[in-house]
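If you want the building blocks of each chain, they are given just below.
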Amino acid sequence: MAESWFIEIAKGIGRLFLNPVFYWTFVLILLAGYKRIHRERINFGFKLFDVFSEWKNTWFLSIFSGLLISIVLVGSGMIFSYETIILLSIVTIGLSITLRFSMLSASYTIGITYMILLLMPFILEQQNIVEDDMFSNTNFVGLSLLVAIFLSVEAFLMKRITRNTTFPDLELGRRGVWTGMHHIKKLSIIPFFVVIPSGLITPIVPFWPYFGMNGETYSLLLVPFLLGFDHIVRGSIPEKAAVHIARSIHILSLFVLMLAVGSIYVGWLSLVAVVVAILGREYINYKHRISDKEKPNYFNKNERGLKVLAIIPGTPADRLGILVGETIVKVNRQNINNMDEFYYGLQDSGAFFKLEIIGDNGEIRYVQSALYEEDHHELGIISTSNRYQNNQTEAN
């Protein structure tokens, strides 16, 4: 029996490379990364983050989550048909082809797949090309449980967003002044094993598989699940907004989980769980947009000091721990209000500089360091006054 499991695990890993989502993920990352870099060059004149930044710092959670999910699904004997996995892959690619990570929540990818599978028998009855029983063995309970599980993973992924890793952007305000905003944006691929019908694996105990289908032997399939999100933040520190959104998603995942578990005994509750997941995720998006819109723009130009919109990774500002959202009020004891004054203040300091910074709590702290020839000319600090196209127009 152990040999059969090892063979099926190896075959399941091999099948990963037959799934189009695996290859599409790399294309999606490159396209989204280059699109963001193009936007950064328009706004600031250079790229701030590398092309794979949306994917960075997700691997540990992805592998750990995939392992736990695999243990739960395989241990409970939750069987999915191969047709269901293929349809999920097609839906995922279709929703992400616009490069909008906001459509890659499990509420949408699995939820829409569920709805299509629910309608598929009626659709297939109207044609004669494929067999009308192709999607007859659909595990709707399992799909609703997957939505709940991946919503929880999404919440944890968002909660791990750190202060200086969100992506800055600029927009023209109502008064014709450029204002700053941030994208809370990540993409992760989570590989997990599912049990599919037909293979070398036989039931290990009488009650396994618990969520079974027709058949007496089973196989394993490693599924690459694409998970992403993208929220725009204007009125607060992005990290705090991410924690608030993550909390809401986690609460939603618990509600969906309770309904999904209930569907084990009352089948139609799986449909309720999926509908709640879709509407709940939409409500979270709407609530965040309205709440953020009601707040004054956090990254507006200050009357006193320079608000930090972004920190370029690997620069002196990054090494010194300067944070997005803080306000620099003095450079070498000189008051500053824009990047020009900040730059000239640095030039007057020679090989040493000292900054006076107001933190989130309103208290002043001091940062000082040597200034080296190879360092970024503005220490890697980005503000709304870094608007590149505006500077180019003025220069002309």
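- The name given to the chain in an unreviewed UniProt entry is PDZ domain-containing protein, with the source organism recorded as Virgibacillus litoralis.

1. What about helix H5 (residues 106-124)?
No. 1: The terminal C-alpha atoms of H5 lie 26 Å apart, and with 19 residues this matches the ideal 27 Å at 1.5 Å per residue to within 8%.
No. 2: At Leu118, H5 is deflected by roughly 35 degrees, the largest bend along its length, and proline Pro121 occurs up to four residues later in sequence.
No. 3: All of the buried residues along H5 are Ala106, Ser107, Tyr108, Thr109, Ile110, Gly111, Thr113, Tyr114, Leu117, Met120 and Leu124.
No. 4: Next to the buried residues of H5 lie helix H4 (82-96), helix H6 (140-159), strand E3 (218-233) and helix H8 (269-294).

2. Focus: the sheet that holds strand E2 (residues 178-201)
No. 1: The strand order E1-E2-E3 describes an open sheet built from three strands, whose pairing is antiparallel. Where the open sheet ends on each side, the last strands, each with one partner, are strand E1 (167-172) and E3. When strand polarity is set aside, the average angle formed by the axes of neighbouring strands in this sheet is 30 degrees.
No. 2: Taken together, the 17 bridges between E2 and E3 define a ladder with antiparallel strand orientation.

3. Points about the pattern of salt bridges
No. 1: For the coordinates displayed, the defined rule picks out 10 salt bridges.
No. 2: Linking Glu8 and Lys11 is a salt bridge whose minimum nitrogen-to-oxygen distance equals 3.5 Å. With Glu8 and Lys11 both in helix H1 (residues 2-16) and three residues apart, the pair spans about one turn of that helix.
No. 3: Accessibility expressed as a relative area gives 0% for Glu8, which makes it buried.
No. 4: Note that Arg36 and Glu40 form a salt bridge whose closest N and O atoms lie 3.1 Å from each other. Of this pair, Arg36 and Glu40 both sit in helix H2 (residues 20-44), four residues apart, which is roughly one turn of that helix.

4. Regarding the packing of aromatic side chains
No. 1: Across all of its chains, the model carries 12 aromatic pairs by this definition.
No. 2: Measuring from ring centre to ring centre gives 5.2 Å for Phe22 and Tyr23, while their planes differ by 90 degrees; the resulting arrangement is edge-to-face.
No. 3: With a centroid separation of 5.4 Å and 75 degrees between ring planes, the pair formed by Tyr298 and Phe299 is classed as edge-to-face.
No. 4: Look at Tyr298 and you get partly exposed, because its relative accessible area is 25%.

5. A look at the UniProt feature "domain: PDZ" (unreviewed entry) in the chain
No. 1: In the UniProt entry, the feature "domain: PDZ" (unreviewed entry) is given for residues 308-347.
No. 2: Secondary structure over residues 308-347 splits into 32% helix and 22% strand, and the C-alpha atoms at its two ends are 19 Å apart.

6. Observations concerning the UniProt feature "transmembrane region" (unreviewed entry) in the chain
No. 1: According to UniProt, the "transmembrane region" (unreviewed entry) feature falls on residues 12-34, 55-73, 106-124, 136-157, 189-211 and 254-279.
No. 2: Structurally, residues 12-34 is divided into 87% helix and 0% strand, and its ends, taken at the C-alpha atoms, are 33 Å apart.
No. 3: Within residues 254-279, the helical portion is 77% and the strand portion 0%, while the C-alpha atoms at the span's ends are 14 Å from each other.

7. A few points about helix H3 (residues 59-76)
No. 1: Across its 18 residues, H3 extends 25 Å between first and last C-alpha, which sits within 8% of the 26 Å expected from 1.5 Å per residue.
No. 2: Listing the buried residues of H3 in full gives Leu61, Ser62, Ser65, Gly66, Ile69, Ser70, Leu73 and Val74. Across the axial projection of H3, the buried residues extend over an arc of 165 degrees, all falling on one side. Away from its buried face, by an angle of more than 90 degrees, H3 presents the exposed residues Phe60, Leu67, Ile71 and Gly75.
No. 3: Contacts made by the buried residues of H3 are with H1, H6, E2 and E3.

8. Some details on the environment of Gln368
No. 1: Assignment of secondary structure puts Gln368 in strand E9 (residues 364-370).
No. 2: Since its relative accessible area comes to 48%, Gln368 is described here as partly exposed.
No. 3: For the pair formed by Gln368 and Asn332, sequence separation is 36 residues and the distance between their alpha carbons is 9.2 Å.
No. 4: With residues near it in sequence (within four places) discarded, Gln368 still touches Leu320, Phe352, Phe353 and Lys354.

9. Thoughts on the nonpolar core
No. 1: With 51 residues, the main nonpolar core has Ile110, Phe150, Phe192 and Val194 as its most contacted residues.
No. 2: Looking at this core, the elements with two or more residues in it are H3, H4, H5, H6, E2, E3, helix H7 (238-262) and H8.
No. 3: Residues contacting Val194, with those up to four places away along its chain left out, are Leu73, Phe80, Ile85, Ser219, Leu220, Leu221 and Val223.
No. 4: In this structure, Ile312, Met339, Leu379 and Ile381 belong to the second largest nonpolar core, which totals 28 residues.

10. A short note on unusual backbone geometry
Phi is mostly negative for residues that are not glycine, and the peptide bonds are mostly trans.
No. 1: Despite not being glycine, Leu99 has its phi angle at roughly 70 degrees, a positive value.
No. 2: In this structure, Arg333 is a non-glycine residue whose phi angle is positive, near 70 degrees.
No. 3: As for its position among the elements, Arg333 is in the loop between strand E6 (327-331) and strand E7 (334-335).
No. 4: Residue Arg333 is classed as exposed on the basis of its relative accessible area of 78%.

Definitions and cut-offs
Residues numbered from 1 in each chain as written. Predicted model: local features only at pLDDT ≥ 70, side-chain atom pairs only at ≥ 80, totals over all residues. Heavy atoms only, no water. Helix = DSSP H or I, 4+ residues; strand = E, 2+ residues; numbered from the N terminus. Expected span 1.5 Å × (residues − 1). Bend = angle between axes of the 7 residues up to and from the residue. Buried < 20%, exposed > 50% of the residue type's maximum accessible area, 1.4 Å probe, protein only. Contact = heavy atoms within 4.5 Å. Pairing = 2+ DSSP bridges. Axes fitted to C-alpha atoms, helices over the stretch in contact; angles between N-to-C directions. Salt bridge = Lys/Arg side-chain N within 4 Å of Asp/Glu carboxyl O. Phe/Tyr/Trp six-rings, centres within 6.5 Å; stacked < 30°, edge-to-face > 60°. UniProt positions renumbered as here; feature names shortened; annotations may be inferred. Arc of directions from axis to C-beta. Core = buried A, V, L, I, M, F, W, Y, C linked by side-chain atoms within 4.5 Å.

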